[in-house]
Amino acid sequence: MTFVLTVAAAAIAVAVELIEAMAIVLAVGASRRWRDAVWGAVAGVAACAVLAAALGPLLVGLPREALKLAIGTLLLLYGLEWLRKGTLRLAGRKRRASSVHEFEETVEEFDDVPLPPEGEADWAARVVAFKGVLLEGVEVVVIVAALAARPTGALPALLGAGVAGVVVLAAGVRLRAPLGRVPETELKYGVGVLLTTFGIFFAGEGLRVDWPGGDLALFAIGLALVFATQLQIHGLRRSPVPA
Amino acid sequence: MTVLRTLRLLVLGETWTLPLGVATLLLAGVALRALDTELWREAGGGVLLAGVVVVLVGTVAAGTRGR
């Protein structure tokens, strides 16, 4: 069961981040030149690969309990941030997540930047594509590395990340229209619940907690998080928004 | 400074209260385990879960006031 949950957590987290990165690259390609957009994206992927090569062995080299605590802490930091934003968005206190906004904002970034003549490098476009892929990619690397560094093995995290990568890249060919239909707010909220659940579980194991029921405790933790956040979302929806 | 700020946002998120809350909670866990290892082994999971919920609910509430 932990296998399935890990695959799901890695797949959804990677898919959401890849969609955001792809929105930026598509915006650069559509408003500037595709060659420079791809150049920046490939450079961003290369930088992420270097980070992954450094982070993986660093995590695996830790002693078993320190490793669990490190994984738990990383997942808690990421998961709680996603859950915090997801709760605020679902309560109507923050703008809903949308890669369409990312797309439009990226296009607007180039409003005052003239396009260099054909044959010359468009560094503005390259930097924006590179930065977009790097920033979203770093999150992917940290989340997948943390899930993959679990003592039970890297397979479920890598499987989830691989499936998400293939699906999102395949969809990217004609992404602009479906982009607006992806329920990103709900997906991010779900990823927040999953990552925080794993974070609490592994941090607890790192601190030598005996979880009642073993891996089944993951369900209880997840349900408790959903219950607490839904309670707060309903409360916030009913209360007036401060001016 | 922009690079440092971006790195902080990437690792710690948009608020200070959340990472500080997580750090406080984990340090409290280490201290409680040192006080009573057996009790912590049995009840530590519940303490961690309750602590995370308190940190999360508090940070979300602070986010609604900050608008």
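Parameters at a glance
- Residues numbered from 1 in each chain as written.
- Chains lettered and ligands numbered in written order.
- Predicted model: local features only at pLDDT ≥ 70, side-chain atom pairs only at ≥ 80, totals over all residues.
- Heavy atoms only, no water.
- Helix = DSSP H or I, 4+ residues; strand = E, 2+ residues; numbered from the N terminus.
- Buried < 20%, exposed > 50% of the residue type's maximum accessible area, 1.4 Å probe, protein only.
- Areas by Shrake-Rupley, 256 points an atom, 1.4 Å probe, with all protein chains shown as cover.
- Expected span 1.5 Å × (residues − 1).
- Contact = heavy atoms within 4.5 Å.
- Buried area = accessible area lost by both parts, 1.4 Å probe.
- Polar contact = N/O pair within 3.5 Å; in protein donor to acceptor, adjacent residues only side chain to side chain.
- Nonpolar A, V, L, I, M, F, W, Y, C, P; charged D, E, K, R; others polar.

1. Here we look at the overall build of chain B
Then, number 1: A count of helical and extended segments in chain B gives three helices and zero strands.
Then, number 2: The order of helices and strands in chain B, counted from the N terminus, is α-α-α.
Then, number 3: Here chain B holds 67 residues, and 36% of them are scored as buried.
Then, number 4: Accessible surface for chain B amounts to roughly 4,000 Å². Of this, 71% is attributable to carbon and sulfur atoms.

2. A closer look at helix H5 (residues 123-148) of chain A
Then, number 1: Here H5(A) contains 26 residues, and its C-alpha end-to-end distance of 35 Å stays within 8% of the 38 Å for a straight helix at 1.5 Å per residue.
Then, number 2: Along H5(A), 19 of the 26 residues are buried, which leaves the element largely enclosed by surrounding structure.

3. Quick notes on the interface of chain A and chain B
Then, number 1: Chain A puts 36 residues into the contact, and the matching count from chain B is 30 residues.
Then, number 2: Between chain A and chain B, roughly 3,000 Å² of surface is buried when both sides are summed, and carbon and sulfur atoms account for 72% of that area.
Then, number 3: For the chain A face of the interface with chain B, the top three residues by lost area are Leu77(A), Arg84(A) and Leu207(A), together amounting to 22%.
Then, number 4: Where chain A meets chain B, there are three residue pairs in polar contact (both at pLDDT 80 or more).
Then, number 5: Contributing elements (two or more residues each) for the side of chain A that touches chain B: helix H3 (64-90), H5, helix H8 (184-206) and helix H9 (217-238) of chain A.
Then, number 6: Counted by class, the side of chain A that touches chain B contains 21 nonpolar, seven polar and eight charged residues.

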